[in-house]
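# Examining the three-dimensional arrangement
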Amino acid sequence: MKVKAAVLQEMGRPTPYAKSKPIVIEELELAPPHDDEVLVKLLYAGLCHSDLSVINASRPRPTPMAMGHEAVGRIEQVGSNVDTVKVGDIVSCVFVPSCGTCDSCRTGRPATCTTGAKANGAGLLLCGQSHLSRTKVSSPNEPKMIHHLLGVAAFSTYSVMNKNSVVKIDPSIPPKYAAVFGCAVITGVGAVVNTAKIEFGASVAIVGLGGVGFCALLGAVAAGASNIIVVDLEASKLELAKKLGASHAVQSKRDMSMDDLVQSIKQLTKNSRGVDYAFEMAGTGPTLQLAYGITRPGGTTVTAGLPHPETKFAVPQVTITAEERTVKGSYLGSCVPTRDIPRYVQLFQEGRLPVDKLVSGVIRLEEINEGFDQLDQGKVVRLLLKLHEDEE
Ligand SMILES: [Zn+2]
Ligand SMILES: [Zn+2]
């Protein structure tokens, strides 16, 4: 079938993207699902920083690539081997398609599925293939095959995904808000409740307020954290964070020294010792340095940001031993998506994870380059793409 999809032509084009247009909306041919796959009609998809990391080449992937990994859609067709979802189900997309049989999957950690990571790195589905191709090419050098981002490729009217790339959710949730559960919500909330497993009353700091950082804030509030400190460059985001339950909002400045920033944040904590849990949610060297610096002795620093592969993290090694410090990585919020996405959707419906407050606006597929400029400039939390005019 023919689909309309947002295709990243090449990585590393300069900003503003409205001018350099790294993404082009193309009409592509989508091959039907295999036995283990489903055809999804996409409804809404979120613009996420990890899309941006592919666009700006800090997270290298093969191109041309159909973008988008955070989305909600409706099942249109299922392969003969699919019994987890049926036609008409509303599903949240998951950006790690777990195989169910590797060591990670068998030990209950599908977020680090080896087979899924391999397919994602190659820009293919778990079946080892792409389902997307150009119907016509203008020169012999122009590639025909289009890669899929993270097994989802959701900035598209329709997409084919492995059955383990979708999780059925309660259809009564407005699709507009359901879109953010597959990435921002599970990554942010999961970092707090699965990776860190914070205790009731624990003190928390969140460094970096993108969609994931904000969801970590909502998770920390819901999990009963105290003295929640948020740090970001953007004043408007700090304002919103205070409305959503942050106790202290700290505006960092690019010209501020790391020591000054660490000290000023520690002063907001009990005996100026630092927080029990600090979450790094921006994916840069300095933000992890800051998060480590403001964690108290005996505390835990969690990082869910995705830095450039060459970014290094250096700390005085003795602090790890003598202060019994823990640094933990968190991918996909250490979630089991089939368990956690429905739980978080229910918490949203009970008013305890108000993710609707994070939606900054809704745009059309044709406005995608402009949308990524806004995200790049830190002006928005979550912009959503509406993929069909005739759908709510
Ligand atoms: Zn994402
Ligand atoms: Zn696996």
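So, how was this worked out
- Residue numbers here run from 1 along each chain, matching the order of that chain's written sequence.
- Throughout, the order in which chains and ligands are written sets their labels, letters from A for the former and numbers from 1 for the latter.
- Residue-level local features of this predicted model are given only where pLDDT is at least 70; pairs of side-chain atoms are given and counted only at 80 or more, and the full residue set underlies all totals for whole chains, interfaces and linings.
- Here the side-chain values reflect all heavy atoms present in the structure, with hydrogen atoms and water set aside.
- UniProt positions are given in the numbering used here, feature names are shortened, and annotations may be inferred rather than shown by experiment.
- The secondary structure listing takes helices from DSSP runs of H or I that are at least 4 residues long and strands from runs of E that are at least 2 residues long, numbered from the N terminus.
- For a compact globule the rule gives 2.2 Å times the number of residues to the power 0.38, and the radius of gyration it is set against comes from C-alpha atoms.
- Partly exposed residues are those whose accessible area sits between 20% and 50% of the maximum for their type, while under 20% is buried and over 50% is exposed, using a 1.4 Å probe and protein chains only.
- Using a 1.4 Å probe, the Shrake-Rupley method yields the accessible areas, and only the shown protein chains count as cover for residues.
- For the purpose of charge, His is not counted, nor are the chain termini; Lys and Arg are scored as positive and Asp and Glu as negative.
- A charge is said to be at NZ when it belongs to Lys, at CZ for Arg, at CG for Asp and at CD for Glu.
- In this analysis, strands are considered paired if DSSP registers two or more bridges between them.
- We call an atom a donor if it is N, O or S and sits within 2.8 Å of the metal, or 3.2 Å for Na, K and Ca. Water is not counted, so some sites may look partial.
- Between N-to-C directions, angles cover 0 to 180 degrees, with each direction set by a line fitted to C-alpha atoms, over the stretch in contact for helices.
- To qualify as a nonpolar core, a set must consist of buried Ala, Val, Leu, Ile, Met, Phe, Trp, Tyr and Cys residues joined through side-chain atoms within 4.5 Å.
- As used throughout, domain bounds are those supplied by an automatic or database domain assignment.
- Grid spacing is 1 Å over the protein atoms alone, the probe is 1.4 Å, and a cavity is where that probe fits but cannot get out, while a pocket is an open set with protein on both sides within 12 Å along at least five of seven lines and lining residues have an atom within 4 Å of a point.
- Grid points are joined across faces, edges and corners, and a volume is the space filled by probe spheres set on the points.
- Just so you know the grouping, Ala, Val, Leu, Ile, Met, Phe, Trp, Tyr, Cys and Pro go in nonpolar, Asp, Glu, Lys and Arg go in charged, and all remaining residues, Gly too, go in polar.

Naming follows an unreviewed UniProt entry, where the protein appears as Enoyl reductase (ER) domain-containing protein of Galdieria yellowstonensis. Per its UniProt entry, the protein bears the Cofactor (unreviewed entry) comment "Zn(2+)". As its UniProt record puts it under Sequence similarities (unreviewed entry), the protein is described as follows: "Belongs to the zinc-containing alcohol dehydrogenase family."

What follows concerns the overall build of the protein. When its secondary structure is counted, the protein shows 13 helices and 18 strands. What you see for the protein is a C-alpha radius of gyration of 20 Å, in line with the 21 Å of a compact globule of 392 residues. Overall size of the protein, expressed as C-alpha extent along the three principal axes, is 65 × 45 × 40 Å. A buried classification covers 54% of the 392 residues belonging to the protein. Of the roughly 16,300 Å² that the protein leaves accessible, carbon and sulfur atoms contribute 50%. A gap of 3 Å separates the mean positions of the 40 positive and 39 negative side-chain charges of the protein.

Let us look at the pairing of strand β14 (residues 275–280). The buried fraction of β14 amounts to six of the six residues, a majority that puts the element mostly inside the structure. In this structure, strand β11 (residues 203–207) lies alongside β14, joined through four bridges in parallel fashion. Within β14, the position partnered with Ile-206 by the bridge is Phe-279. With five bridges connecting them, β14 and strand β15 (residues 295–303) associate as parallel partners. Directly across from Ala-278, in β15, lies its bridge partner Thr-301.

UniProt marks residues 177–196 and 202–230 with the feature "transmembrane region" (unreviewed entry), using the numbering shown here. This span, residues 202–230, is 41% helix and 34% strand, and a straight line between its end C-alpha atoms measures 15 Å.

Right, let's get into the coordination of the zinc ion (ligand 2). Cys-99 (SG), Cys-102 (SG), Cys-105 (SG) and Cys-113 (SG) make up the full set of protein donors to the zinc ion (ligand 2), lying at 2.3 to 2.4 Å. Along the chain, the residues donating to the zinc ion (ligand 2) are arranged with the sequence spacing C-x2-C-x2-C-x7-C. By relative accessible area, which is 14% here, Cys-105 ends up buried.

Within the secondary structure layout, Ile-206 lies in strand β11. Here Ile-206 falls in the buried class, since its relative accessible area comes to 0%. Linking Ile-206 and Lys-328, residues 122 residues apart in sequence, is a C-alpha distance of 14 Å.

If you trace the six strands from one edge of the open sheet to the other, you get β13-β12-β11-β14-β15-β16, paired in parallel fashion. In this open sheet, the two edge strands, each paired with only one partner strand, are β13 (248–251) and β16 (326–329). Pairwise comparison of adjacent strand axes, ignoring direction, gives a mean angle of 15° for this sheet. The sheet contact formed by strand β12 (residues 226–232) and β13 spans four bridges and is parallel. By the bridge assignment for β13, Ile-229 is matched with His-248.

With that out of the way, let us pick up unusual backbone geometry. Each neighbour pair has its own omega, and for Thr-15 with Pro-16 the value is -5°, a cis peptide bond. Secondary-structure assignment places Pro-16 in the loop between β1 (2–8) and α1 (17–20). One non-glycine residue with positive phi stands out, namely Ala-57, at about 75°. Among the residues examined, Ala-57 registers a relative accessible area of 25% and is labelled partly exposed.

Turning to the UniProt feature "domain: Enoyl reductase (ER)" (unreviewed entry) in the protein, a few remarks are in order. The sites that carry the UniProt feature "domain: Enoyl reductase (ER)" (unreviewed entry) are, in the present numbering, residues 19–385. Helix makes up 29% of residues 19–385 and strand 25%, and the two end C-alpha atoms of the span are 20 Å apart.

In this section: the nonpolar core. Among the nonpolar cores identified, the biggest contains 99 residues, and Phe-155, Phe-181, Ile-206, Phe-279 and Phe-372 are the most heavily contacted of them. Top contributing element to this core by residue count: helix α7 (residues 211–222), with seven residues. Residues from two domains meet in this core; each of domain 1 (2–182 + 354–386) and domain 2 (185–332) gives at least three.

To continue, consider empty space enclosed by the protein. Taken as a whole and assessed by the stated rule, the structure comprises one cavity of 30 Å³ or more. By volume, the largest cavity amounts to about 60 Å³. Lining the largest cavity we find Ser-50, Val-54, Arg-59, Arg-61, Phe-95, Leu-149, Leu-150, Leu-306 and Tyr-331. Of the residues that constitute the lining of the largest cavity, the class distribution is six nonpolar, one polar and two charged.

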